[in-house]
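Remarks on the overall topology
This is what each chain is made of:
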Amino acid sequence: MLVIIVGYVVATLFTAFCLWAAMKITKVEGNFPQILVIALVSCLALFLLPGFGRLVAILVMGFLIWRWIGADLWPDTVLMVIVARLVSMLALIALHCISTSL
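All chains use their own residue numbering, which begins from 1 and follows the written sequence. Two thresholds apply to this predicted model, a pLDDT of at least 70 for residue-level local features and 80 or more for giving and counting side-chain atom pairs, whereas whole-chain, interface and lining totals are computed over all residues. Hydrogens and water are ignored here; the side-chain numbers use all heavy atoms of the structure.

For the rest of this paragraph, the subject is the overall build of the protein. Secondary structure elements follow DSSP: runs of H or I of four or more residues count as helices, runs of E of two or more count as strands, with numbering from the N terminus. Looking only at helices and strands, one finds four helices and zero strands in the protein. Along the protein, helices and strands appear, N-terminal first, in the series α-α-α-α. Its C-alpha atoms put the protein at 40 × 30 × 25 Å along the principal axes. A burial count over the protein gives 31% of its 102 residues as buried. Contacts: residue pairs with any heavy atoms within 4.5 Å of one another. Of all intrachain contacts in the protein linking residues separated by at least 6 positions in sequence, the fraction that spans at least 24 positions is 58%. To be clear on the numbers: accessible area is Shrake-Rupley with a 1.4 Å probe, and residue cover counts the displayed protein chains and nothing else. Within the structure as shown, the protein displays about 6600 Å² of accessible surface, and the carbon and sulfur contribution to it stands at 78%. Partly exposed residues are those whose accessible area sits between 20% and 50% of the maximum for their type, while under 20% is buried and over 50% is exposed, using a 1.4 Å probe and protein chains only.

A negative phi angle characterises most non-glycine residues, just as the trans form characterises most peptide bonds. At the junction of W74 and P75, the peptide bond is cis and its omega measures out at 5 degrees in the coordinates. Mapped onto the fold, P75 is located in helix α4 (residues 73–101). At K27, a position not held by glycine, the phi torsion is positive, near 60 degrees. For K27, the location among the structural elements is in the loop between α1 (2–26) and α2 (32–48).

A separate point is the nonpolar core. In terms of nonpolar packing, the biggest core is built from 19 residues, with L19, V28, I35, I38, M61, I65 and M80 touching the most fellow members. Looking at this core, the elements with two or more residues in it are α1, α2, α3 (53–69) and α4. Think of a nonpolar core as a cluster: buried Ala, Val, Leu, Ile, Met, Phe, Trp, Tyr and Cys residues, connected wherever their side-chain atoms sit within 4.5 Å.

Geometrically, a pair of aromatic rings is defined through the distance of the ring centres and the angle of the planes. For Phe, Tyr and Trp, where Trp contributes only its six-membered ring, two rings pair if their centres lie within 6.5 Å, and the inter-plane angle classes them as stacked under 30 degrees, edge-to-face over 60, or tilted in between. All told, the structure shown has two aromatic pairs when counted by the stated rule. Here the aromatic rings of F63 and W66 are separated by 6.0 Å at their centres, their planes lie at 65 degrees, and the arrangement is edge-to-face. A residue pair is termed a helical-turn pair when its members lie 3 or 4 positions apart in one helix, as F63 and W66 do in helix α3 at three residues. Judged by its relative accessible area of 46%, F63 falls in the partly exposed class. Under the relative-accessibility criterion, W66 is labelled partly exposed at 33%. Either the NZ atom of lysine or the CZ atom of arginine qualifies as a charge over a ring when it sits within 6 Å of the ring centre and within 35 degrees of the ring normal. Over the ring of W66 we find R67, and its NZ or CZ is 5.3 Å from the ring centre.

Bringing the environment of F47 into the picture now. Inspection of the secondary structure assignment puts F47 in helix α2. Once the C-alpha coordinates of F47 and Y8 are considered, the two residues, 39 residues apart in sequence, prove to be 7.4 Å apart.

Time to look at the packing of α1 against α4. Fitted lines through C-alpha atoms give the axes, limited to the stretch in contact for helices. The angle between two N-to-C directions lies from 0 to 180 degrees. Where α1 contacts α4, the axes come no closer than 8 Å and their chain directions differ by 125 degrees. When the interaxial angle is binned, α1 and α4 end up oblique. In this structure, the crossing between α1 and α4 has a hand that is right-handed. Residues F14, C18, L19, A21, A22, M23, I25 and T26 of α1 pack against L79, M80, V83, A84, V87, S88, A91 and L92 of α4. Each residue is assigned to one of three groups, with Ala, Val, Leu, Ile, Met, Phe, Trp, Tyr, Cys and Pro labelled nonpolar, Asp, Glu, Lys and Arg labelled charged, and all others, Gly among them, labelled polar. For the contact of α1 with α4, a count of residues per class yields 14 nonpolar, two polar and no charged. Throughout this description, any angle smaller than 35 degrees is read as roughly parallel, any larger than 145 degrees as roughly antiparallel, any in the 65 to 115 degree range as roughly perpendicular, and the remainder as oblique. By convention the crossing between two helices is left-handed if the near helix lies anticlockwise of the far one by an angle smaller than a right angle, and right-handed if it lies clockwise.

Below is the structure:
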């Protein structure tokens, strides 16, 4: 049980970092507490729905960015979700490269 909780916290913080980076790259106005809550809810969908949870998490993330931050649906919300996913992929690749070189 502790492993699941730690995994959820790590995934939430990682997602919040990626969303913050995407917000800065796409120049969407928002603050970190909003981003953290969006990451909490989207990671909850990811952890509670095995299989298609990733798709639901992305849709929930986009909906919350659109409604709560007040970003335009296109291009702000869509680009922020895409950039956040790209940042997360690049960060995971970098972490993998670092871990294999040790």
